[in-house]
Amino acid sequence: MNTTELRDLVSRIAADPQQWRPLVRFDTAERHFEQLWRDDQVDVWVISWANGNDTGFHDHDVSSGAVAVVEGELVEERLVVGGAPRVLRHRAGETFDFDASHVHRMHQDAAVPAVSIHAYSPPLWRMGTYVVEPDGTLRRQSISYAEELRPVEAAA
Ligand SMILES: [Fe+2]
């Protein structure tokens with residue numbers, strides 16, 4: 001699926017709360033993932049974000065993706081070499097998409113929890129997380145999609 005199709009898919013799901021509402025959970029301190037769908041074309045996740053939840057910088061390996069925010073607000077940061085990250089705010093009712101070249105960090109900094117619908121194609125299998133060493137060197141770690149993303153501390 002291309003990014004337009006992914007965006008259409010998350011928009012359709014977002015408009016039908018009966019599909020995603022039962023998968024929302026705010027009783028944990030960590031981001032909560034529930035897989036809504038997975039086939040050989042696409043996987044779809046419902047993610048519940050509590051205050052302070054943070055993915056750290058990551059990529060989605062060979063997958064493109066789209067996100068619909070259905071409750072609250074999420075902050076997306078894009079790495080800028082030699083400058084401060086570019087900050088985008090995505091509010092309930094908004095969608096965005098990205099191709100497989102995209103590196104970003106998502107976090108939630110508001111008192112009100114957030115919920116988002118994510119679709120990836122091809123389905124997520126591997127991801128990359130990024131660590132900035134104390135000397136500024138960027139390092140990528142390949143991880144399984146099943147490992148929860150959280151900011152990785154630079155090695156001491
Ligand atoms: Fe992501």
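Okay, so let's go over this structure. Because the structure is a prediction, the values reported are computed rather than measured.

Criteria and thresholds
Residues numbered from 1 in each chain as written. Predicted model: local features only at pLDDT ≥ 70, side-chain atom pairs only at ≥ 80, totals over all residues. Heavy atoms only, no water. Buried < 20%, exposed > 50% of the residue type's maximum accessible area, 1.4 Å probe, protein only. Helix = DSSP H or I, 4+ residues; strand = E, 2+ residues; numbered from the N terminus. Pairing = 2+ DSSP bridges. Donors = N, O, S within 2.8 Å, 3.2 Å for Na, K, Ca; no water. Polar contact = N/O pair within 3.5 Å; in protein donor to acceptor, adjacent residues only side chain to side chain. Contact = heavy atoms within 4.5 Å. Axes fitted to C-alpha atoms, helices over the stretch in contact; angles between N-to-C directions. Salt bridge = Lys/Arg side-chain N within 4 Å of Asp/Glu carboxyl O.

Focus on the pairing of strand 7 (residues 95–98)
Along any regular strand, the residues point their side chains to alternate faces of the sheet.
Phase 1: Of the two faces of strand 7, only the one carrying Phe96 and Phe98 is buried; Thr95 and Asp97 on the other face are not.
Phase 2: Two elements, strand 4 (residues 64–71) and strand 7, share four bridges in a ladder whose sense is antiparallel. Residue pairing across strands places Gly65 opposite Phe98, the latter belonging to strand 7.

Overview of unusual backbone geometry
Phase 1: At the junction of Ser121 and Pro122, the peptide bond is cis and its omega measures out at -10 degrees in the coordinates.
Phase 2: Here Pro122 shows up in the loop between strand 9 (114–121) and strand 10 (126–132).
Phase 3: Located in the positive-phi region is Asp61, a residue other than glycine, with phi close to 55 degrees.
Phase 4: Mapped onto the fold, Asp61 is located in the loop between strand 3 (58–59) and strand 4.

Side note on the coordination of the iron ion
Phase 1: At the metal site, the iron ion is ligated by His58 (NE2), His60 (NE2) and His104 (NE2), and these contacts range over 2.1 to 2.2 Å.
Phase 2: Mapped onto the polypeptide sequence, the residues donating to the iron ion form the spacing pattern H-x1-H-x43-H.
Phase 3: Overall, His58 belongs to the buried group, its relative accessible area being 3%.

Points about the side chain of Gln108
Phase 1: Among the structural elements, Gln108 can be located in the loop between strand 8 (103–107) and strand 9.
Phase 2: At 2.7 Å, the side chain of Gln108 and the backbone nitrogen of Ala110 are in polar contact.
Phase 3: At 3.5 Å, the side chain of Gln108 forms a polar contact with the backbone oxygen of Val112.
Phase 4: Residues in contact with Gln108, not counting those within four places in the same chain, are Trp49, Ala50, Asn51, Gly52, Asn53, Glu73, Leu74, Pro113 and Ala114.

Details of the environment of Glu148
Phase 1: Tracing the backbone shows Glu148 in the segment after strand 11 (138–144).
Phase 2: A relative accessible area of 27% places Glu148 in the partly exposed class.
Phase 3: Considered as a pair, Glu148 and Arg105 are 43 residues apart in the sequence and their alpha carbons are 13 Å apart.
Phase 4: Discounting chain neighbours no more than four positions away, the residues touching Glu148 are Glu30, Arg31 and Phe33.

Notes on the environment of Ala111
Phase 1: Along the polypeptide, Ala111 turns up in the loop between strand 8 and strand 9.
Phase 2: Residue classification places Ala111 among the exposed positions, given a relative accessible area of 77%.
Phase 3: Residues Ala111 and Asn2 lie 109 residues apart in sequence; the distance between their C-alpha atoms is 34 Å.

Brief notes about the sheet that holds strand 1 (residues 32–38)
Phase 1: Pairing in this open sheet of five strands is antiparallel, and the strands run 1-2-9-4-7 from one edge to the other. Edge strands, defined here as strands with exactly one partner in the open sheet, are strand 1 and strand 7. Each strand axis lies, on average, 20 degrees off the axis of its neighbour in the sheet, ignoring direction.
Phase 2: Here strand 4 runs beside strand 9; their pairing, made up of seven bridges, is antiparallel. The residue bridging Glu71 from the neighbouring strand is Val115, located in strand 9.
Phase 3: With respect to the sheet, helix 1 (residues 3–14) is in contact with strand 1, strand 2 (43–49), strand 4, strand 7 and strand 9, its orientation differing from that of strand 4 by roughly 25 degrees.

Focus: the pattern of salt bridges
Phase 1: Per the stated rule, a full pass over the model turns up 12 salt bridges.
Phase 2: The closest approach of N and O atoms between Asp97 and Arg7, which form a salt bridge, is 2.6 Å. Of this pair, Asp97 sits in strand 7 while Arg7 sits in helix 1, and the two are 90 residues apart along the sequence.
Phase 3: As a salt-bridge pair, Arg89 and Glu73 come within 2.6 Å of each other at their nearest N and O atoms. In this pair, Arg89 is assigned in strand 6 (residues 86–91) and Glu73 in strand 5 (residues 73–78), connecting sequence segments 16 residues apart.
Phase 4: Taking relative accessible area as the criterion, Arg89 reaches 36% and is therefore assigned partly exposed.
Phase 5: What emerges from the salt-bridge pattern is a single network uniting Glu73, Arg89, Arg91 and Asp109.

Just geometry here; none of it tells us what the structure is for.
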